[in-house]
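Reading the structure
Listed below, chain by chain, are the residues.
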Amino acid sequence: MEQKEAQLDQETFSCSICLDLLKDPVTVPCGHSYCMTCIKTHWDEENTYSCPQCRQTFTPRPVLVKNTVLAALMEELKKTGLQAAPADHCYAGPEDVACDVCTGRKLKALKSCLVCLASYCEKHLQPHYESPTFRKHKLVEPSKELQDNICSRHDEVMKMFCRTDQQSICYLCSVDEHKGHDTVSAAAERTERQRELEGSRQKIQQRIQDREKDVKVLQQELETINGSADKAVEDSEKIFTELIRLLEKRRSDVKQQIRSQQETEGSRVKELQEKLEQEITELKRKDADLKQLSHTQDHIQFLHNYPSVSALSEPTDSSSINIRPLRYFEDVTAAVAELRDKLQDILREKWTNISLALTEVDVLLSQPEPKTRAGFLQYSQEITLDPNTANTYLLLSEGNRKATVMRQSYSNHPDRFISCRQVLSRESLTGRCYWEVEWSGSGVYVAVTYKNISRAGNSDECVFGFNDKSWALFCRQNRYEFWHNNIKTPVSGPQSSRVGVYLDHRAGVLSFYSVSETMTLLHRVQTTFTQPLYAGLWLYHNFGNTAEFCKLK
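These numbers were taken from a predicted model, which means no experiment stands behind them.

In terms of residue burial, strand 13 (residues 444-450) counts as a mostly covered element, since 7 of its 7 residues are buried. Side-chain alternation along strand 13 places Val444, Val446, Val448 and Tyr450 on one buried face and Tyr445, Ala447 and Thr449 on a second face that is also buried. Across 6 bridges, the pairing between strand 13 and strand 14 (residues 470-475) is antiparallel. Paired with valine 444 across the two strands is cysteine 475, which belongs to strand 14.

Next comes the structure, spelled out in structure tokens:
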């Protein structure tokens, strides 16, 4: 009762604005009292004259006068040691744990007791610190879950743990439905679990340290990659700039030489043209003189003047005039075009090395092999056949994607396969690639090979799958075989006229799939590829056999 009265006094004589005891108290027309400074500041800031508690509005602004009676009372109360009411933030809100002892408006709990199963504010917690009776009680951070420590069956504090059923129990439970079970005190179980917890924490902390080291390594690697990439871009830009500058100079030289030769040849033509025009003028004048002489009636005069008039000067030599049926400087254009073609061939050949070098820049693990055809298709590679490698018994069609066994007449070329009905792709294969081959007839070898495989002769060195430079899946109507380095490996799987090939060059993975409504793995190779690979086809000898690289995009 005394506490309630003290609380009432605190709330009654506290300013609701500053939450402290009233200083220079004033009473507004509605009857509520405030510190003079607090209410003036409030009205100045709000620009309205209302009571902060009851919201009654006053017009005009009230003249505030110190409440002398209340001021005298405040002085007396201060002498008794009265303190301000607790601030609002000291009271328990909906999310806070409230003191179980406080009456009226409850304060926030400072601790909870696991023995008392109650929570206490700072004031009501003092007996637990001062009285020997409470010194053995277990105080924890304020908790709303204290009732979870009460056994719902026996309404007793659960101080034991059943290891058999993995649940907390009270003592009566241990001699009742948990009789004969492996039971220990909650403290003992906590000690055991605490030991396990510490072990788990040590493992976690060690893993955190390891991962932090990995993160630092990767950060350093990232900085190295970025620095190296920036340097490579800078150096490549310089090299390409030099190449462009060299080509620009050569272009300028050719242009200058053409113009110089144009001027020289043009001068010669103009000089000859002027001589011929002078000769024409002279001949016209001579023709006029002869015409005039022909009309002379005096025979003696005619004979006297004829020798001088009829005499002609030496004609201009026009044997150098040569009207060429082709355009002038066509040979120069042809020479420049030949240079362009050779540069394109060099760039195409060397670009493979650049692409391979780029694909080898990989600090992380290779991507796993896809599981679905849609996954494979994201690596689809468009492949065309190189006519310069096609055997003379192979006809290429469909934009050089299809090969058919048929006699052809090809020019000699060092890249052409002489003895075997084989052909290679134009494109080199690096990184991750996927393609599909549709075949018909008696059989086809679907292969990959290094470019430096032999092209001539009857030896195994030029046959797909019969040397260490090539890998080939032999597809027939009733079986599959895999060949590498002249070693045959039987392959089982569903027959299909379409074969899918997946290559992860860096990981050294080469896989062959039977493709129909589903994809079935036929054979997988795990090795190390040391050069760029090229797709190849080797068609069985029967005329009409076909194999085609499918369009997948």
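Our next topic: the nonpolar core. By size, the foremost hydrophobic cluster in this structure holds 37 residues, and its most contacted members are Trp435, Trp471, Leu473, Leu510 and Leu537. For leucine 510, the residues in contact, after removing those within four places along its chain, are Val448, Trp471, Val501, Tyr502, Leu503, His523, Arg524, Val525 and Phe529. Grouped together as the second largest cluster of nonpolar side chains are 18 residues, Val26, Tyr34, Cys35 and Ile39 included.

Applying the stated rule across the entire model yields 26 salt bridges. Among the salt bridges present, the one from aspartate 96 reaches lysine 108, with a minimum N-O distance of 3.9 Å. Here lysine 108 lies in the loop between helix 3 (68-79) and strand 3 (111-113) and aspartate 96 lies in the loop between helix 3 and strand 3, a separation of 12 residues in the sequence. Given the relative accessible area of 30%, aspartate 96 is considered partly exposed.

Once that is clear, we can look at the UniProt feature "domain: B box-type" (unreviewed entry) in the protein. Mapped onto the present numbering, the UniProt feature "domain: B box-type" (unreviewed entry) falls on residues 146-186. In this annotation, residues 146-186 is assigned 12% helix and 22% strand; the end-to-end C-alpha distance for the span is 15 Å.

Bringing the sheet that holds strand 14 into the picture now. By way of backbone hydrogen bonds, the strands of a sheet pair with one another, either parallel or antiparallel. The strand order 11-20-13-14-15-16 describes an open sheet built from 6 strands, whose pairing is antiparallel. The sheet is open, and its two borders are formed by strand 11 (422-429) and strand 16 (487-491), each paired with just one other strand. Neighbour-to-neighbour, the strand axes of this sheet turn through a mean angle of 20°, independent of strand direction.

This part takes up the packing of helix 6 (residues 186-294) against helix 7 (residues 299-310). At a minimum axis separation of 10 Å, helix 6 and helix 7 run at an interaxial angle of 170°. What the angle tells us is that helix 6 and helix 7 run roughly antiparallel. On helix 7, the residues touching Lys286, Asp289, Leu290, Leu293 and Ser294 of helix 6 are Phe302, Asn305, Tyr306, Ser308, Val309 and Ser310. In terms of residue class, the contact of helix 6 with helix 7 is made up of 5 nonpolar, 4 polar and 2 charged.

Turning our attention to the packing of aromatic side chains. One pass over the full model with this rule turns up 17 aromatic pairs. Ring centres 6.1 Å apart and planes at 75° place the aromatic pair phenylalanine 466 and tryptophan 538 in the edge-to-face group. With a gap of 72 residues between them, phenylalanine 466 in the loop between strand 13 and strand 14 and tryptophan 538 in strand 20 (residues 533-539) connect regions that are remote in the sequence. By the burial criterion, phenylalanine 466 is buried, and tryptophan 538 matches it. The structure contains a cluster of three or more aromatic residues connected by ring pairs, namely Tyr445, Phe466, Phe474, Trp483, Trp538 and Tyr540. Geometry around tyrosine 393 places arginine 421 over its ring, the cationic atom sitting 4.5 Å from the centre. A cation over a ring is seen here: arginine 455 above phenylalanine 417, with NZ or CZ 5.0 Å from the ring centre.

The next thing to look at is unusual backbone geometry. Residue threonine 59 is joined to proline 60 through a cis peptide bond whose omega torsion reads -5°. The backbone of glutamate 398 sits at a positive phi, close to 55°, despite the residue not being glycine. Considering the arrangement of structural elements, one finds glutamate 398 in the loop between strand 9 (394-397) and strand 10 (402-405). The phi dihedral of asparagine 400 is positive, around 60°, even though this residue is not glycine. Note on placement: asparagine 400 falls in the loop between strand 9 and strand 10.

What follows is about the side chain of threonine 384. With respect to the element layout, threonine 384 can be found in the loop between helix 9 (373-377) and strand 9. Residue classification places threonine 384 among the buried positions, given a relative accessible area of 14%. At 2.7 Å, the side chain of threonine 384 forms a polar contact with the side chain of glutamate 427. In this view, threonine 384 contacts Gly399, Asn400, Arg401, Leu424, Ser425, Arg426 and Glu427; residues no more than four positions away in its chain are not counted.

Overall, antiparallel pairing links the 3 strands, which are arranged 7-6-8 in an open sheet. Either end of the sheet is taken by a strand with one partner, and the two such strands are strand 7 (167-169) and strand 8 (183-185). The sheet shows a mean angle of 35° between the axes of neighbouring strands, taken without regard to direction. The strands touched by helix 6 within the sheet are strand 6 (160-162) and strand 8, with strand 8 carrying the most contacts at an inclination of about 90°.

Our next topic: the confidence of the model for the protein. Chain-level pLDDT for the protein is 85 on average; 91% of the residues reach the 70-or-more range. Within the protein, the lowest mean pLDDT, 48, falls on helix 1 (residues 2-12), and the highest, 97, falls on strand 13. In this model, residues 1-8 is a region of pLDDT below 50 whose contacts with residues beyond four sequence positions or in other chains number 4 contacts.

How each quantity is defined
- Residues numbered from 1 in each chain as written.
- Predicted model: local features only at pLDDT ≥ 70, side-chain atom pairs only at ≥ 80, totals over all residues.
- Heavy atoms only, no water.
- Buried < 20%, exposed > 50% of the residue type's maximum accessible area, 1.4 Å probe, protein only.
- Helix = DSSP H or I, 4+ residues; strand = E, 2+ residues; numbered from the N terminus.
- Pairing = 2+ DSSP bridges.
- Core = buried A, V, L, I, M, F, W, Y, C linked by side-chain atoms within 4.5 Å.
- Contact = heavy atoms within 4.5 Å.
- Salt bridge = Lys/Arg side-chain N within 4 Å of Asp/Glu carboxyl O.
- UniProt positions renumbered as here; feature names shortened; annotations may be inferred.
- Axes fitted to C-alpha atoms, helices over the stretch in contact; angles between N-to-C directions.
- Parallel < 35°, antiparallel > 145°, perpendicular 65-115°, else oblique.
- Nonpolar A, V, L, I, M, F, W, Y, C, P; charged D, E, K, R; others polar.
- Phe/Tyr/Trp six-rings, centres within 6.5 Å; stacked < 30°, edge-to-face > 60°.
- Lys NZ or Arg CZ within 6 Å of the ring centre and 35° of its normal.
- Polar contact = N/O pair within 3.5 Å; in protein donor to acceptor, adjacent residues only side chain to side chain.
- pLDDT = per-residue confidence, 0-100.

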